[in-house]
Amino acid sequence: MSRIQSSLAVRLFVAIAATAVAVVAIMALLVALSMRDGFARYLLRGELSRFDNLATALAQDFTTPPGWADLAANPAAWGDLVREYDMRPARPEPASASDKPGPRPPAGPPGMGGLPMLERLTLLGAAGNWIAGAPIQSGMIERRTICADGDCAVGPVLGYLALRAPLTEASSGDQFFLRGQYASLGLTALIAIGVSALAAWFVSRQILIPIRHLAAGAKTMAAGDYTARIPQDRTDELGQLVGHYNALAATLERTDKAEREWMSNTSHELQTPLATLRAQIEAVQDGIRVPNALTMAAMHSAVLRLSRLVQDIKTLSHTREGGMTATMRPEDLCHIVLDVTEVVKPHLADKNLTISLDMPSTAPLICDRIRIGQVIDNLMQNAARYTNAPGTVRLRIVDAGDAFHLTVDDTPPGPDPQDIPRLFERFYRAESSRSRAYGGSGLGLSVCQAIVESHGGTISASLSELGGLCVAIILPKGPA
């Protein structure tokens, strides 16, 4: 497992770090290219600034269109003009329009405006058309505007001076500057990559820590220990996953505990009637008791109790496994109640208990007649078992529109209020007043709850206004 986790950590680190390195490398390349182009344009603008005097002279010599016609017809004149005004101070403007410019000063220092410059400098018209100088070619080009009166904010645009970047390599000074910038950029990229690698390590660690905890917890849970919990100290998706794991562990722990209690209680409940039946049989075999009607009745009672217990366990097991089947048909709830009460009425009369029925003439309901009859019989038997004589058991049915409300009340004694929430638990008994001494398996109300819920209804318990227990059932009229 640790080997797999280490591999996952390496993969996460490599994935995040490689992405960061690729992003930094691409950005560094784009910045380097932009820096080179920007520096080249900066140099071109510097070279164009040498021809401010030329632009002024061209603006003064411009006549009505087509201006600079003499330069277009005479390439040599263009070359002389460029060499003449290269790096020369601006000449003073004439006092009036009739004044003629004085004689042109001598050419500038040799080498400042030589042939290479002429091969890159072009004179363009206002529409961008070629007039004189080097032919227009592809490549990096910077332009300087030539305006009337030297003020582009007032006078119209007369044309442009266009300078193309040289095809040869930059000078040693320019290369030294670029190398310095590239070195700074490379150092910055390395620092960014280092920071990215550190962040990748931190992120991969933060992701893997809860995963390792989950793996350890799953291993513990697979071994049958459901008590282990993982500290939940984060609120992101991994924190939610940890919370789900803790909830699953708690559920499995409760289920395992309930399973153990279920097995223990079941074996204990089965042991009592089996022990009684065995004792009766062994007493007959040993000649202590004779197989008369009294002995047979005691044995038959133990068998009936065992049979009821097995049937209740079977019902609850089917419910737990989702296998309880119900034959839903249109029935009359009132007829079901009358059929059940006719059977249990003699038993209640023997215990000096009376039955009070309060229900409508008919109560049409789609249900499983046998299962609903079993619910009512369980409630009646439960009331008969735990109600003091003389007493009353009252059954009421109220039509609530889309459902029927059925309640079964009995007279004292009633359960302790703190025991009421647990009455529907399997094998639970309120030992103070409804103990095992009264008989029963402790599964009657649990079976009732399972059957009612399979019909889409609800069942609850509370203290009765008659002084005993009140069990309320809500059954929808239609199918669940």
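On a predicted model such as this, the values are computed, not experimentally measured, just so you know.

**Student:** I keep staring at the sheet that holds strand S1 (residues 121-125) and nothing clicks. Help me out?
**Tutor:** Note: strands within a sheet are paired through backbone hydrogen bonds, in either parallel or antiparallel orientation. Strands sit in the order S2-S1-S4-S3 across an open sheet of four strands; the sheet is antiparallel. Among the strands making up the open sheet, the edge pair consists of strand S2 (130-133) and strand S3 (141-147). Neighbour-to-neighbour, the strand axes of this sheet turn through a mean angle of 25 degrees, independent of strand direction. Relative to S3, helix H2 (residues 52-61) is tilted by about 45 degrees, and along the sheet it contacts S1, S3 and strand S4 (157-164).

**Student:** Help me understand helix H9 (residues 333-350) in this model?
**Tutor:** An α-helical turn contains 3.6 residues, so a residue and the one three or four places further along point in the same direction. If you check H9, its first and last C-alpha atoms are 26 Å apart, about what 18 residues at 1.5 Å a residue would give, namely 26 Å. Along H9, the sharpest change in direction is near 40 degrees and occurs at Val-344; proline Pro-346 comes one to four residues later. Backbone nitrogen of Cys-334 and a side-chain oxygen of the N-cap are separated by 3.0 Å at the start of H9; the cap is Asp-332. Phi turns positive, to about 60 degrees, at Asn-352, one or two residues after H9.

**Student:** Is there a simple way to explain the sheet that holds strand S9 (residues 403-410) in this structure?
**Tutor:** Read across the sheet, five strands follow the order S6-S8-S9-S11-S10 without closing on themselves; strand pairing throughout is mixed. Of all strands in the sheet, those with a lone pairing partner are strand S6 (353-358) and strand S10 (458-463), marking the two edges. Averaged over all adjacent pairs, the angle separating strand axes in this sheet is 15 degrees, with direction ignored. In terms of strand pairing, S10 meets strand S11 (residues 469-476) through six bridges, oriented antiparallel. Bridge pairing links Ser-460 to Ala-472 in S11. Set on the sheet, helix H10 (residues 369-386) makes contact with S6, strand S8 (391-399), S9 and S11; between it and S11 the angle comes to about 175 degrees.

**Student:** Help me out: how do you make sense of the pattern of salt bridges in this one?
**Tutor:** Between side chains of opposite charge, a pair can form as their charged atoms come close. In this structure the tally under the stated criterion is 11 salt bridges. With its nearest N and O atoms 3.6 Å apart, the salt bridge here joins Arg-45 to Glu-142. Note that Arg-45 is positioned in helix H1 (residues 2-48) and Glu-142 in strand S3, a separation of 97 residues in sequence. Residue classification places Arg-45 among the partly exposed residues on the basis of a relative accessible area of 47%. Note that Asp-52 and Arg-144 form a salt bridge whose closest N and O atoms lie 3.0 Å from each other. Of this pair, Asp-52 sits in helix H2 while Arg-144 is found in strand S3, placing the two residues 92 residues apart along the sequence. One salt-bridge network, in which partners are shared between bridges, spans Glu-331, Asp-339 and Arg-369.

Scoring rules and cut-offs
Position labels on residues start from 1 in each chain and follow its written sequence. Under the rules for a predicted model, residues below a pLDDT of 70 receive no local features and side-chain atom pairs below 80 are neither given nor counted, while totals for whole chains, interfaces and linings still include all residues. In computing side-chain properties, one takes all heavy atoms of the structure into account and sets aside hydrogens as well as water. The rule for pairing is simple: two strands pair if DSSP sees at least two bridges between them. Helix and strand labels come from DSSP, where a helix needs a run of H or I of at least four residues and a strand needs a run of E of at least two; each type is numbered from the N terminus. Working convention: axes come from line fits to C-alpha atoms, limited for helices to the stretch in contact. Angles between N-to-C directions cover 0 to 180 degrees. Note on contacts: a residue pair is in contact if any heavy atoms of the two residues lie within 4.5 Å. In a helix, the anticipated span is given by 1.5 Å times the number of residues less one. At every residue, the bend is computed as the angle between two fitted axes, covering the seven residues ending there and the seven beginning there respectively. Think of a polar contact as two N or O atoms within 3.5 Å of one another; within protein, one of them needs to be a possible hydrogen donor and the other a possible acceptor, and neighboring residues in sequence only count if both atoms come from side chains. Salt bridge, as used here, is a side-chain nitrogen of Lys or Arg placed within 4 Å of a carboxyl oxygen of Asp or Glu. Only protein chains enter the accessibility calculation, which uses a 1.4 Å probe; a residue whose area is less than 20% of its type maximum is buried, one above 50% is exposed, and one in between is partly exposed.

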